[in-house]
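Single-letter residue listing:
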Amino acid sequence: MGMGYWTSAMKAIKDADIVLFVLDARMPEFSRNRDLESKLEESNKEFLLVFNKIDLISKEALEKLKSQNKDAFFVSSDKNIDINRLRLALQIKAKKSHYEKLEIGIVGYPNVGKSALTNVLSRSAKTQVSSKAGTTKGNQWASSNQFRIVDSPGVIPFEDDEAKLGILGAKNPEKLKNPELVATEIIKIFLNLNPEKLEQFYAFKIKEVDEYEVMLQIGCAKKLLKKGGLVEENRTSMMIIRDWQTGKLKL
Ligand SMILES: Nc1nc2c(ncn2[C@@H]2O[C@H](COP(=O)(O)OP(=O)(O)OP(=O)(O)O)[C@@H](O)[C@H]2O)c(=O)[nH]1
Ligand SMILES: [Mg+2]
């Protein structure tokens, strides 16, 4: 079982020094993905909005978009339009940061051009670009002199309802589209209200503040590992949700 798309996107955010939140200039509102935005805000990571595919909209539409999004960047990855302006802004950040290479996480809706942007920014053709949504299946990276760019799979908005249904037990784990996200929401409740209960139940010691990392810790404690020792995130998530829904895991 591979990393869930949401888990991959969250990891790209977590590891990044700065995140590029890529949108499709043709459907800025539709491709905005509020769930991803709130994850970004929660992460406290600096992020830049990048409207891609500006070659596909009119001058007027572009001017309007620019006036509505003063701090954003407007590019075409395909036609290499205004990529240099974005690259320059990132180079300035890289200079200011104490990191050897600025790690840039790229996230957004499927098919907005995250991989195309990764390639053009890194001046490589490392990642696969395709009109088929869902082309990128896991995180992949490309490097340039100043940057290490992590391209993540596209994510679709996570319905609040599903978290609620999962937490309320109205939807069983195997029916959930994003068990990782529901499990991390459950962990979040424990971290806020009663972390000791979680520790006792899974017989481990919380070492991280981040709910995603805690989920990995639980997987480790329960030996839900793949070959090579990586945590089986999906199985771990399903177990947590099941334990919670069946009332074994109590607050
Ligand atoms: N016209 C135009 N097409 C673009 C641009 N950027 C990407 N595309 C096209 O959009 C499609 C999707 O590009 P990808 O880079 O694969 O998109 P992605 O966001 O990585 O998609 P997933 O991996 O599925 O999430 C491809 O057909 C690209 O050629 C752009 O700036 N302008
Ligand atoms: Mg891609």
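Above this text sits the structure in question.
Given the structure is predicted, the values throughout are model-derived calculations rather than measurements. (Residues numbered from 1 in each chain as written. Chains lettered and ligands numbered in written order. Predicted model: local features only at pLDDT ≥ 70, side-chain atom pairs only at ≥ 80, totals over all residues.)

**Let's talk about the overall build of the protein**
Stated precisely, the cut-off is as follows: Labels follow the DSSP assignment, with helices taken as runs of H or I lasting at least four residues and strands as runs of E lasting at least two, numbered in each case from the N terminus. Computation of the radius of gyration draws on C-alpha atoms alone. For the globule rule, the value is 2.2 Å times the number of residues to the power 0.38. Residues with at least 20 other C-beta atoms within 10 Å of their own are called buried, those with 12 or fewer are called exposed, and the rest are partly exposed. The C-beta atoms themselves are positioned from the backbone. Contact between two residues is assigned when their C-beta atoms, built from the backbone, lie within 7 Å.
In terms of regular secondary structure, the protein is built from 10 helices and 6 strands. By the compact-globule yardstick of 18 Å for 251 residues, the protein fits well, its C-alpha radius of gyration being 19 Å. Across its three principal axes, the protein shows a C-alpha extent of roughly 60 × 40 × 30 Å. In the protein, buried positions account for 39% of the 251 residues. Across the protein, contacts joining residues at least 24 apart in sequence account for 60% of those joining residues at least 6 apart.

**Points about the packing of helix α7 (residues 179-193) against helix α8 (residues 195-202)**
Definition in use: Orientation is described by lines fitted to C-alpha atoms, with helices fitted over the stretch in contact, and by angles between N-to-C directions that extend from 0 to 180 degrees. What sets the label is the angle itself: under 35 degrees gives roughly parallel, over 145 gives roughly antiparallel, 65 to 115 gives roughly perpendicular, and the rest give oblique. In this count, Pro and Cys sit with the nonpolar residues alongside Ala, Val, Leu, Ile, Met, Phe, Trp and Tyr, while Asp, Glu, Lys and Arg are called charged and the others, Gly among them, polar.
Relative orientation of the contacting elements α7 and α8 amounts to 120°, with a least axis distance of 6 Å. When the axes of α7 and α8 are compared, the pair comes out oblique. Between α7 and α8, the contacting residues are Ile 187, Phe 190 and Leu 191 on the first element and Pro 195, Lys 197 and Leu 198 on the second. By residue class, the composition of the contact of α7 with α8 is 5 nonpolar, no polar and 1 charged.

**Some details on the site of ligand 1**
The condition that has to hold: For each residue, a C-beta atom is placed from the backbone, and the residue counts as near a molecule or strand when that atom lies within 6 Å of it.
Taken together, 23 residues surround ligand 1, and among them Asp 78, Gly 113, Ser 115, Thr 136 and Gly 154 come closest. Of all the elements, helix α5 (residues 114-122) adds the most residues to the shell around ligand 1, at 3 residues. Here the residues of the shell around ligand 1 sort into 7 nonpolar, 12 polar and 4 charged.

**What to know about helix α2 (residues 34-43)**
Applied cut-off: The directions from the helix axis to the C-beta atoms are what the arc is built from.
Turning to α2, its buried residues are Leu 36, Lys 39 and Leu 40. The buried residues of α2 occupy an angular sector of 100° when projected down its axis, which confines them to one face. Within α2, the exposed residues directed more than 90 degrees away from the buried face are Arg 34, Ser 38, Glu 41 and Glu 42. Residues of α2 that are buried make contact with α1 (5-15), β1 (18-24), β2 (46-52) and β4 (102-108). Trailing α2 by a residue or two, Asn 44 shows a phi angle of about 65°, which is positive.

**Overview of the sheet that holds β1**
To be explicit about the condition: Think of it this way: DSSP has to see at least two bridges between two strands before they count as a pair.
Read from one edge of the open sheet, 6 strands run β3-β2-β1-β4-β6-β5, paired in mixed fashion. Among the strands making up the open sheet, the edge pair consists of β3 (73-74) and β5 (140-143). The sheet contact formed by β5 and strand β6 (residues 147-151) spans 4 bridges and is antiparallel. In the strand pairing of β6, Ser 143 is matched with Arg 148. Of the strands in this sheet, β1, β4 and β6 are in contact with α1, which crosses β4 at around 150°.

**Describing the packing of α1 against α2**
Basically, it comes down to this: The sense of a crossing depends on the near helix, which, turned anticlockwise from the far helix by less than a right angle, makes the crossing left-handed and, turned clockwise, makes it right-handed.
Put simply, α1 and α2 touch, their axes get as near as 10 Å, and they point 30° apart. For the element pair α1 / α2, the angle class is roughly parallel. Remark: the crossing between α1 and α2 carries right-handed chirality. For the pair formed by α1 and α2, the contact residues are Ala 9, Met 10, Ile 13 and Lys 14 on the first element and Leu 36, Lys 39, Leu 40 and Ser 43 on the second.

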